[in-house]
Amino acid sequence: MTTLFDGYRLGDLRLPNRTVMAPMTRVRAAAGGLATASMATYYAQRASAGLIVSEGVQPSLIGQSNPGTPGLHTEEQVAAWRPVTAAVHANGGRIFAQLMHGGRVSHPATTGMQPVGPSAVPAVGEVFTPAGLRAAPAPRPLESAEVPEHARSYAEAARRAVDAGFDGVELHGANGYLISQFLSSNANLRTDRYGGSVTNRIRFAVEAAAATAEAVGAARTGIRLSPGGTFWGVEESDVPALYAELLGELTRLGLAYVHLEATADEEVLVGLRRAWPGTLVMNPVVPMGPKQTGRAEADHWLGLGAELISFGRAFMANPDLVERLRTGLPIAPVDETTYYQGGDAGYLTYPAYQHTA
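What counts and how
Residues numbered from 1 in each chain as written. Predicted model: local features only at pLDDT ≥ 70, side-chain atom pairs only at ≥ 80, totals over all residues. Heavy atoms only, no water. 1 Å grid on protein atoms, 1.4 Å probe; cavity = no way out; pocket = protein on both sides within 12 Å on 5 of 7 lines; lining within 4 Å. Points joined across faces, edges and corners; volume = space filled by probe spheres on them. Nonpolar A, V, L, I, M, F, W, Y, C, P; charged D, E, K, R; others polar. Buried < 20%, exposed > 50% of the residue type's maximum accessible area, 1.4 Å probe, protein only. Helix = DSSP H or I, 4+ residues; strand = E, 2+ residues; numbered from the N terminus. Pairing = 2+ DSSP bridges. Salt bridge = Lys/Arg side-chain N within 4 Å of Asp/Glu carboxyl O.

Taking a probe equal in size to a water molecule and rolling it over the atoms shows the remaining empty space. Enumeration over the complete set of coordinates arrives at 1 cavity of 30 Å³ or more. Approximately 40 Å³ is the volume found for the largest cavity. In terms of lining residues, the largest cavity is bounded by G56, V57, Q58, G63, S65, N66, T69 and M100. Partitioning the lining of the largest cavity into residue classes produces 2 nonpolar, 6 polar and no charged.

As structure tokens, this is what we get:
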């Protein structure tokens, strides 16, 4: 029987266990989207994960969603990331960069530009800006000729990620951001080749993944998806058909993995497991929901055929999560007030388990 603590071969990487640290926004980057020494420490502390997936990294300035997030679209950003990846590797870890284009989930106060999206439909809710929360503005709908440029931005950022020492990249195709917006049936009202039918709505995701795989190799390219998720007000019609067709196209690319969130019924997710012949990373609980992934949820999905299991908040508060899971030690709770406040408190201050005599 497969366990969390069995090794696994992911492309050219040998993972010592099957835990994945899920991508989590922490807004600790310096001005200019630069990674910092604290970020190097944060990721190195968690290097016992089988694989770390970084926080969302914007592939372009217009792709930035939140203030305080890091980028991979300038040479200065590449240089700033090198000490981070070096620290992870020095501690025996492996790390992919998550490439996240926010699309309509952004604000001119953050980037100096009007956000872009498939259609002029604003996200539902308020977005973070340097001046606090603001209503999400209507995005500028991308012209048909512009769309491939934004698909290629993932590939360009992936090249920079590899140059910065990352072992690979994960495209953020989930949670209402740009790829998810194109998959959506209410954020994407286009009538060109990128909208309408399932085949057209998956086109942007496939083009972004294909360009990235060509740029850095399919074995270094993963993608995260949230089937049926409603983050930022997106809706998706005919979820099983939409994702079955998308996974069919991604199968032809031979990507390193697909990372699914538990945003649909288990029956749907198991069907998608069957539709995807490659490595499946499963996040067994809804991100930011009331429940956190634990050993029971992980074992359940290993039994359903997932190869790797991603943990979010548990890794945030437990840098030694793998050892705690292995030995049945208590899982420390996370302080939600420090998610995005900046500084090292609630970032570098979670200790490893302290044994008492």
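This brings us to the pairing of strand β14 (residues 308–311). Covered by surrounding structure in β14 are L308 and S310 together with I309 and F311, the residues of both alternating faces. Sheet topology places strand β3 (residues 19–21) next to β14; 3 bridges connect them, and they run parallel. Bridge assignment links T19 to a residue of β14, and that residue is I309. Bridge count between strand β13 (residues 279–283) and β14: 2 bridges; the pairing is parallel. Across the sheet, M282 pairs through a bridge with I309, a residue of β14.

Its identity as a non-glycine residue notwithstanding, V27 has a phi of 45°, on the positive side. With respect to the helices and strands, the residue V27 is situated in the loop between β3 and α1 (37–45). Positive phi values are uncommon outside glycine, yet D238 reaches one of about 55°. Residue placement: D238 occurs in the loop between β11 (221–225) and α8 (239–253).

Under the definition given, this model contains 11 salt bridges. One salt bridge in this structure joins R140 and E146, with 2.9 Å as the shortest N-O distance. Here D320 ties to R324 by a salt bridge, and the two come within 2.8 Å at their closest N and O atoms. Residue classification places D320 among the buried positions, given a relative accessible area of 15%.

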